[in-house]
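What the coordinates show
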Amino acid sequence: MLEHRHSLKGSRTAVALLVALIMVATLPGSASSKKKAPAPAPAKMDLSRFVWPKAPAITRIKFLDFFSAEKRDSTNQKKKSGWMDRMAGVSAENDKRTRPHFELLTPFGLAVDSKGLLYVADSKVGAIFIFNPETHDVQLLKHGVDAQFSSVFGLAIDDNDQLLVTDGNLHHVLVFDPNHKLRVRFGEGILEEPSGIAIDTENRFIYVADTGLDQIVVFDADSFKPLRTIGTAGKQHTLTTPGDFSKPTNVAVDQDGNLYVSDTMNNRVEIFDADGKFIRTFGKNGDGPGDFQRPKGIAVDVDGHIWVADAMLCQLKVFTADGQLLMAMGGFGLLPGQFQAVVGLTIDKNNRVFTTEQLPGRVQMFRYITNAEAQVEYDRRKAEVEFKRQQEKTSGGANSPAAAPGANAPQQNSGVKPAAQKQAPPAAPNSPSQ
């Protein structure tokens, strides 16, 4: 009996010691409770290296940013539920009162207003996103709130900051005033499947690409009355003759009032004057340098280059007004300058280039370096080379031992190849790729 008591007492002592050890181990100052050092933050990607073409050529396009969703509201994150919410079965995670977070799903048309705000149409979300490219703040024009949307595709903004929106399923164009209030709609009974839209502010024309009719429908920009059509309707997307279309997707207008149409199923671009007269076409089906496989987005920059977004090749291509390829960038991927089903394209007055992609649901923003800006950089490099050459001559001539090793230094340091110094300035041939 005594042995049993001693055994019981020993067991109690062992248990007490074990409890004491556990309590000591969990004290704030104990070694085991010390928080692990936070993992080092991943290195940020150097976005400045995403330029086209690559050095030593003069940069003509550089990546700036991308947009895909509203900013998260940090005030609603990690919100703890009170005891009354828990009793009622309501938590921060399932609180229906929390405002939803909107993200781009299938962005298509783009437009930029006079304040620099970017508008993006998304038919799957049923909304038009309004991004501030500087702050990433987002507003939305929503279906059932600001207007009735079914399948919004094309966007354009006129010289009064009115927003025009095409709706393919509702067969019309909506017009919003600068305060985003619906003003009027037009095109019912005329349009079948409106897609891209562009405005000629000088000649007061509105061009609407109708993929169902295989036509470009022209409206008056002030009265919104129909004026004429370009192309032949009713042939079920079978026409390939110049001046006709097979599912034209987007339109753009240059400074002279010429109209550019992405003739998607014919894999070409067609050009017309302001009177609707056919001028020329370029492009064909294929995967060669100047070929297309479903061209969709189209825009014209300040120097008159024609930019085309190719959805299947996942490329952005730049041409002269005559259709000569100057540059192609892209390829399938998620890195800056890569694309997945790129469909929308616009260039604003600040030479910012915006593209929309269907698969990742994002907008990429680039900066086009104009011919004038490229000329300045060319002149700077040329002056640098000449200055270094004069220094070499002053220090003893090209035949001196000291000057000989540095004879090629001006070319290397300037980033200009020897052959490039003999060529015309990059701006002269109106090419963004030189």
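The structure displayed is predicted, hence computed values, not measured ones.

**Some details on the overall build of the protein chain**
Regarding its fold elements, the protein chain presents 5 helices and 25 strands. Relative to its full complement of 434 residues, the protein chain shows a buried share of 45%. Counted over contacts in the protein chain with a minimum sequence separation of 6, partners at least 24 positions apart contribute 46%. Split by element, the accessible area of the protein chain, about 23,100 Å² in all, is 54% carbon and sulfur.

**Looking at the environment of Gly-126**
With respect to the secondary-structure elements, Gly-126 resides in the loop between β4 (118-122) and β5 (127-131). Remark: the alpha-carbon pair of Gly-126 and Lys-142, spanning 16 residues in sequence, is separated by 6.4 Å. Here Gly-126 is in contact with Leu-141, Lys-142, His-143 and Phe-149, once residues within four sequence places are set aside.

**As for the sheet that holds strand β6 (residues 138-142)**
Overall, antiparallel pairing links the 4 strands, which are arranged β3-β4-β5-β6 in an open sheet. The sheet is open, and its two borders are formed by β3 (107-112) and β6, each paired with just one other strand. Across the sheet, the axes of successive neighbouring strands diverge by a mean angle of 20°, strand direction being ignored. By the bridge criterion, 5 bridges tie β5 to β6 in an arrangement that is antiparallel. By the bridge assignment, Ala-127 is partnered in β6 with Lys-142.

**What to know about the pattern of salt bridges**
The tally for this structure, following the rule as stated, stands at 16 salt bridges. Here Arg-280 and Asp-322 are joined by a salt bridge, their closest N and O atoms 3.7 Å apart. Pair noted here: Arg-280 is in strand β18 (residues 278-282) and Asp-322 is in the loop between β21 (315-319) and β22 (325-330), with a separation of 42 residues, a long-range link. When its relative accessible area of 29% is taken as the criterion, Arg-280 is described as partly exposed. Note that Arg-352 is salt-bridged to Asp-348, the shortest N-O span being 2.7 Å. For Arg-352, a relative accessible area of 10% corresponds to the buried category.

**A short note on unusual backbone geometry**
Here the bond from Trp-52 into Pro-53 is cis, since omega is -10°, no more than 30 degrees from zero. With respect to the helices and strands, the residue Pro-53 is situated in the loop between β1 (51-52) and β2 (61-67). Each neighbour pair has its own omega, and for Ala-55 with Pro-56 the value is 10°, a cis peptide bond. Within the secondary structure, Pro-56 is located in the loop between β1 and β2. Positive phi outside glycine occurs at Asp-161, with the angle close to 65°. For Asp-161, the position within the fold is in the loop between β7 (152-157) and β8 (163-167). Residue Asp-161 is classed as buried on the basis of its relative accessible area, which comes to 16%.

**Things to note about a nonpolar patch on the surface**
Together, Met-45, Leu-47 and Leu-335 line one region of the surface with nonpolar side chains, adding up to about 240 Å² of accessible area. Note on placement: Leu-47 falls in the loop between α1 (2-25) and β1. Overall, the relative accessible area of 34% leaves Leu-47 in the partly exposed class.

**Section: the nonpolar core**
With 19 residues, the main nonpolar core has Trp-52, Trp-307, Leu-316, Val-353 and Phe-366 as its most contacted residues. Counting only elements with at least two residues in this core, the list comes to β2, β20 (306-310), β21, β22, β23 (342-347) and β25 (362-368). Those residues in contact with Leu-316, other than ones at most four positions away along the chain, are Trp-307, Val-308, Ala-309, Met-327, Ala-328, Met-329, Phe-339, Leu-345, Val-353 and Thr-355. The next biggest cluster of nonpolar side chains, apart from the first, holds 16 residues, and it includes Leu-117, Leu-141, Leu-155 and Leu-174.

**Concerning the confidence of the model for the protein chain**
Of the residues in the protein chain, 75% have a pLDDT of 70 or more, and the chain-wide mean is 84. Counting interchain partners and residues more than four positions distant, the pLDDT-below-50 stretch residues 1-9 has 0 contacts. Residue range residues 401-434 is modelled with pLDDT below 50. Its contacts to residues more than four positions away, or to other chains, number 63 contacts.

Thresholds, definitions, all that
- Residues numbered from 1 in each chain as written.
- Predicted model: local features only at pLDDT ≥ 70, side-chain atom pairs only at ≥ 80, totals over all residues.
- Heavy atoms only, no water.
- Helix = DSSP H or I, 4+ residues; strand = E, 2+ residues; numbered from the N terminus.
- Buried < 20%, exposed > 50% of the residue type's maximum accessible area, 1.4 Å probe, protein only.
- Contact = heavy atoms within 4.5 Å.
- Areas by Shrake-Rupley, 256 points an atom, 1.4 Å probe, with all protein chains shown as cover.
- Pairing = 2+ DSSP bridges.
- Axes fitted to C-alpha atoms, helices over the stretch in contact; angles between N-to-C directions.
- Salt bridge = Lys/Arg side-chain N within 4 Å of Asp/Glu carboxyl O.
- Patch = residues over 30% accessible without salt bridge, like charges linked within 9 Å, V, L, I, M, F, W, Y side chains within 5 Å.
- Core = buried A, V, L, I, M, F, W, Y, C linked by side-chain atoms within 4.5 Å.
- pLDDT = per-residue confidence, 0-100.

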